[in-house]
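Tertiary structure, described
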Amino acid sequence: MYTPAQFAKRINVSVKTIQKWDRLGILPAKRTITNRRYYTDDDLAAALRLPRVPKDRRTVAYCRVSRQAQKPDLAHQKRMLEQYCHHQHIHVDEWITEIGGGMNFRRKHFLRLVDQILAGEVEQVVLAHQDRLARFAYSLLVHLCQTHQCKLVVMNTENGSPEQELVQDLITITHCFSSRVYGLRNYRKALDKALKNDQSAQDQVKPNA
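The model shown is predicted, which means the values in this text are computed figures rather than measured ones.

On to the side chain of Arg132. The residue Arg132 is located in the loop between strand 5 (122-127) and helix 6 (138-146) in this model. Polar side-chain contacts of Arg132 include one of 2.9 Å to the side chain of Asp131. Contact partners of Arg132, with chain neighbours within four places excluded, come to Tyr62, Arg64, Val65, Gln77 and Arg107.

Let us now look at the pattern of salt bridges. In total, this model carries seven salt bridges according to the counting rule given. For Arg31, the salt bridge identified is with Asp22, shortest N-O distance 3.5 Å. Exposure remark for Arg31: the relative accessible area of 38% places this residue in the partly exposed category. Residue Asp131 is joined to Arg132 by a salt bridge in which the shortest nitrogen-to-oxygen separation is 2.9 Å. With respect to burial, Asp131 and Arg132 carry one shared label: buried. Several salt bridges share partner residues, and in doing so they unite Asp22, Arg31 and Arg37 into one network.

The next point concerns the packing of helix 1 (residues 4-11) against helix 2 (residues 15-24). It is the contact of helix 1 with helix 2, at a shortest axis distance of 9 Å, that shows an interaxial angle of 105 degrees. Considering the angle they form, helix 1 stands roughly perpendicular to helix 2. Note on element contacts: helix 2 touches helix 1 through Val15, Ile18 and Trp21, opposite Pro4, Ala5, Phe7, Ala8 and Ile11. Residues belonging to the contact of helix 1 with helix 2 are distributed by class as follows: eight nonpolar, no polar and no charged.

Here is what the cut-offs are and how they apply
- Residues numbered from 1 in each chain as written.
- Predicted model: local features only at pLDDT ≥ 70, side-chain atom pairs only at ≥ 80, totals over all residues.
- Heavy atoms only, no water.
- Helix = DSSP H or I, 4+ residues; strand = E, 2+ residues; numbered from the N terminus.
- Polar contact = N/O pair within 3.5 Å; in protein donor to acceptor, adjacent residues only side chain to side chain.
- Contact = heavy atoms within 4.5 Å.
- Salt bridge = Lys/Arg side-chain N within 4 Å of Asp/Glu carboxyl O.
- Buried < 20%, exposed > 50% of the residue type's maximum accessible area, 1.4 Å probe, protein only.
- Axes fitted to C-alpha atoms, helices over the stretch in contact; angles between N-to-C directions.
- Parallel < 35°, antiparallel > 145°, perpendicular 65-115°, else oblique.
- Nonpolar A, V, L, I, M, F, W, Y, C, P; charged D, E, K, R; others polar.

This is the structure in structure tokens:
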């Protein structure tokens, strides 16, 4: 049987960490008749397979625009978020600015941020608006953050009317698919050119009749 202090020392985390695990139900402590916490060897085996919670968890501010032409908007977004964090007494450890579509879940910095959240390194993420993180599946990202003890702080929580949000979503989808169609057309042109060049090369090497 281990006291909380002994148990924390054995698994190399702080007492506060195992207290948090107890509150969240990640690794509930057992209780004596006098309601004191204690742990067993079975708890020790389970804890050694749990991910460690870093001592210094960070606050990350994330800013995004969709296109290069919106770079001035990106700078403005960051300035507004800096003012918000200052007034809310939020100390930001890292600022992430990114250019990429909100429906693109392969964004380099976005994926790095998600990896950091999953690793338990991020305490909170600050956004100008929830769609800066993702245009769709935001509720899934909220769930991901909640299950990894990461708080999402959104500066602008005001939503437009259902009609405005629907129009914006349709514009986003249309832009996404039109970009894919444009890329497909370029691919087809390059393929046609390569086939013509290949055919020309074959014609040149044919023996004269």
